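# Breakdown of the fold
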Amino acid sequence: MAGILYPKQKTIKKRKTHKPSILHQKDGTCYLCIRLHGDYRIHPIVHEHHIYGGTANRRVSEAAGLKVYLCPAHHETGPEAVHKNYAYMRLVQQDGQKAYEKTHTRDEFMALVGRSYL
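The written sequence of each chain sets the order in which its residues are numbered from 1. For this predicted model, a pLDDT threshold of at least 70 governs which residues receive local features, and a threshold of 80 or more governs which side-chain atom pairs are given and counted, while totals over whole chains, interfaces and linings are taken from all residues. Each side-chain value is worked out from all heavy atoms of the structure, with water and hydrogens disregarded.

Let's shift gears to the overall build of the protein chain. Within the protein chain one finds 5 helices and 2 strands. What counts as a helix is a DSSP run of H or I of at least four residues, what counts as a strand is a run of E of at least two, and both are numbered from the N terminus. Sequence-ordered secondary structure for the protein chain, helices as α and strands as β, is α-β-α-β-α-α-α. We compute the radius of gyration over the C-alpha atoms and compare it with the globule rule, which gives 2.2 Å times the number of residues raised to the power 0.38. For the protein chain, whose C-alpha radius of gyration is 19 Å, the value lies well above the compact-globule estimate of 13 Å for 118 residues. Expressed as lengths along the three principal axes of its C-alpha atoms, the size of the protein chain is roughly 75 × 40 × 25 Å. Working definition: with a 1.4 Å probe on protein chains only, accessible area under 20% of the residue-type maximum means buried, over 50% means exposed, and in between means partly exposed. Across the 118 residues in the protein chain, those meeting the buried criterion constitute 38%. We call two residues in contact whenever any of their non-hydrogen atoms come within 4.5 Å of each other. Of the contacts made within the protein chain by residues no fewer than 6 positions apart, 53% connect residues no fewer than 24 positions apart. Method for areas: the Shrake-Rupley scheme with a 1.4 Å probe, in which residue coverage is limited to the protein chains shown. Total accessible area on the protein chain stands at roughly 8200 Å², and carbon and sulfur atoms take up 55% of it. For the protein chain, the distance from the average site of its 19 positive side-chain charges to the average site of its 10 negative ones is 9 Å. Within this scheme the basic residues Lys and Arg register as positive and the acidic residues Asp and Glu register as negative, but His and the chain ends are omitted. For the purpose of locating charges, the reference atoms are NZ of Lys, CZ of Arg, CG of Asp and CD of Glu.

Here it is as structure tokens:
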């Protein structure tokens, strides 16, 4: 008997929701350039940075709009990069929590992310 008795069922992946950022719009500016230096220049490349990292919290950040757009120097390469500088990473996390708490409670934020940054 040739052939498959029970063919494999095709699975449909759940579509991810990509909510726009509640802190910063994607217009070519860098969130930290504006926040730290008042520099509103347009950068040719900006990276999307999920404020709360890790496997679970990256999905939460995406769904809740907790992300900012950063130039490469503020994202990964420079001395003020959030992936290298703990103080600037905390600054962005605190700003994200404050923005979320404008429309939600702190308990809702802590249930979503797992801890308070304020």
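Moving on, we get to the pairing of strand S2 (residues 67-70). Alternating positions in S2 separate into two faces, Lys67 and Tyr69 on one and Val68 and Leu70 on the other, with burial throughout. When DSSP finds two or more bridges between a pair of strands, those strands are recorded as paired. Relative to S2, strand S1 (residues 47-50) runs antiparallel, the two being bridged by 4 bridges. Bridge pairing in S2 links His50 to Lys67.

The next thing to look at is helix H4 (residues 86-100). Compared with the 21 Å implied by 1.5 Å per residue over 15 residues, the 21 Å span of H4 between its first and last C-alpha is a close match. Of the positions making up H4, those classed as buried are Arg90, Leu91, Val92, Gln93, Asp95, Gly96, Gln97, Ala99 and Tyr100. Buried-residue contacts for H4 involve helix H1 (31-37), helix H2 (55-64), S2 and helix H5 (106-113). Between the first and last residue of a helix there are one fewer steps than residues, each counted as 1.5 Å, and that sum is the expected span.

Nonpolar core, defined: a set of buried Ala, Val, Leu, Ile, Met, Phe, Trp, Tyr and Cys residues in which side-chain atoms within 4.5 Å join the residues together. Counting residues in hydrophobic clusters, the biggest one holds 18 residues, and the most contacted among them are Leu32, Tyr52, Leu70 and Val92. Those elements that provide at least two residues to this core are H1, S2, H4 and H5. Contact partners of Leu70, with chain neighbours within four places excluded, come to Cys30, Tyr31, Leu32, Ile45, Val46, His47, His49, His75 and Val82.

This part takes up the environment of Leu70. As for its placement among the helices and strands, Leu70 is situated in strand S2. The sequence separation of Leu70 and Ile34 amounts to 36 residues, and the corresponding C-alpha distance is 10.0 Å.

Two aromatic rings from Phe, Tyr or Trp, using only the six-membered ring of Trp, form a pair when their centres are within 6.5 Å; if the ring planes differ by under 30 degrees the pair is stacked, by over 60 it is edge-to-face, and anything between is tilted. In this structure the tally under the stated criterion is 3 aromatic pairs. Three or more aromatic residues joined by ring pairs make a cluster, and in this case those are Tyr52, Tyr100, Phe109 and Tyr117.

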